[in-house]
Amino acid sequence: MNRQELIAQIQQKKSFLCIGLDVDLTKIPTHLLTEEDPIFEFNKQIIDATHHLAVAYKPNTAFYEAYGLKGWAALGKTIDYLNKNYPEIFTIADAKRGDIGNTSTMYAKAFFEDLNFDSVTVAPYMGSDSVEPFLAFEDKTTILLALTSNKGGLDFQGLKINGNELYKEVIKTALTWINSENLMFVVGATKAEYFSEIRKIVPNHFLLVPGVGAQGGNLREVCKYGLNKDCGLLVNSARNIIYASNDLDFAKAAQLEALKLQQEMALILSK
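Residues numbered from 1 in each chain as written. Predicted model: local features only at pLDDT ≥ 70, side-chain atom pairs only at ≥ 80, totals over all residues. Heavy atoms only, no water.

Colleague: I keep staring at the side chain of Arg-97 and nothing clicks. Help me out?
Modeller: Looking at the element boundaries, Arg-97 is found in strand β3 (residues 90-97). Taking the relative accessible area as the measure of exposure, Arg-97 reaches 14% and is therefore buried. Among the polar contacts made by the side chain of Arg-97, one reaches the side chain of Glu-65 at a distance of 3.4 Å. Side-chain polar atoms of Arg-97 contact the backbone oxygen of Ala-95, separated by 3.0 Å. Once you skip the residues sitting within four places of it in the chain, Arg-97 turns out to touch Thr-61, Glu-65, Trp-72, Tyr-107, Phe-111, Thr-121, Val-122, Ala-123 and Phe-134. (Helix = DSSP H or I, 4+ residues; strand = E, 2+ residues; numbered from the N terminus. Buried < 20%, exposed > 50% of the residue type's maximum accessible area, 1.4 Å probe, protein only. Polar contact = N/O pair within 3.5 Å; in protein donor to acceptor, adjacent residues only side chain to side chain. Contact = heavy atoms within 4.5 Å.)

Colleague: In this structure, what is going on with the side chain of Gln-157? I would like to understand it.
Modeller: Note on placement: Gln-157 falls in helix α7 (residues 154-157). On the accessibility criterion, Gln-157 (19% relative accessible area) is buried. Among the polar contacts made by the side chain of Gln-157, one reaches the main-chain carbonyl oxygen of Gly-153 at a distance of 3.3 Å. Excluding residues within four positions of it along the chain, Gln-157 makes contact with Ala-146, Leu-147, Thr-148, Glu-165, Leu-166 and Tyr-167.

Colleague: Could you clarify how one ought to interpret the pairing of strand β8 (residues 183-187) in this entry?
Modeller: Working note: regular strand, side chains alternate between the two faces of the sheet. Counting buried residues along β8, five of its five residues qualify, which places the element largely inside the surrounding structure. Alternating residues of β8 divide into Leu-183, Phe-185 and Val-187 and Met-184 and Val-186, and every residue in both groups is buried. Across five bridges, strand β5 (residues 141-147) lies against β8 in parallel orientation. Bridge pairing in β8 links Thr-142 to Leu-183. Where β8 meets strand β9 (residues 207-209), two bridges bridge the pair, whose relative direction is parallel. Paired with Phe-185 across the strands is Leu-207, a residue of β9. Tracing the backbone out of β8, into helix α9 (residues 195-201) and back to the parallel element β9 gives a crossover that is right-handed. (Pairing = 2+ DSSP bridges. Right-handed = clockwise from strand over helix to strand, strands pointing away.)

No statement about biological role is implied by the geometric values presented.
Here it is, written out as C-alpha cells:
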C-alpha cells in the first residue's frame, strides 16, 4: 500500500484509527480457548467487526512470539486474513527491530516478504546501516521510533545533543537516509505538546501515535499539534478496543469502542 492509497482510506472512512492486535490469552473471552487457534479466532472476529472503522491494524509481535510456534502461526494467519479479505487496510508489524546491516536485511525480508506486512517498526539506535535495509524495500514503509510514550522514554530521547533533544537529531538524521520518503515516525500520544516541534522537522511525514486510551493520551491534543494537510496521523488504540468485553459480545463491544474514536476523528477531520 502506498501513501496515496492510505490517504484515500482516511478520507473515505473519515478515520485515522489504527487498532492494536495485542492478544493476551489470559484476557480474551474464555469461550475462545476451545478453538483450534484462539488467537487467530479472536483477531478475526475483532477485524470483521471493526474493519470499516479502522485504516490500519498493528499486531505487536511480542504477543505472538510469547506463544512460540503457535503464536507465530497465528500472526501469519492474521496477516494473511487481512491481506486477502481487507487489502485496503494498512498493516503494521510492531516488531521494533534494529541490528547490524545483514541481520536487518533478514528482519526486513521476514516482515516484508514472508509475512507481507506493509510496514514494520524499527529502532534507530544503531544508525543508518541498521535501518536502510528496511528502506531498501521501496514499496514498503519503515516506521522509526522517535519519541515514545513509555515512562522512561525521555531517559535518552530527551538528552540534549548540540543544543537539540536527541529525538530531534534522530528524526533530522533519518531524513538524510536512502528512501527516507518511505519513513513514518512513532510519536507517543502522552507527549502531545512535542508534536508542534516535530512537525517543524517533518511537516509531511505520517506519524504513528500510540498511547491514546489506556495509556492516557488525548486525541484532540494530538490532533491540535500533529495533523497536516493529508491528516498525517495514524492513532493507535489497543486495550480500550479489543478488551472492551471478555464475554460473547466482545467483537460488538470492540466495534462500539472503535466507533466512538472514529466518530471523534470524523469531527476533527471535518473542521
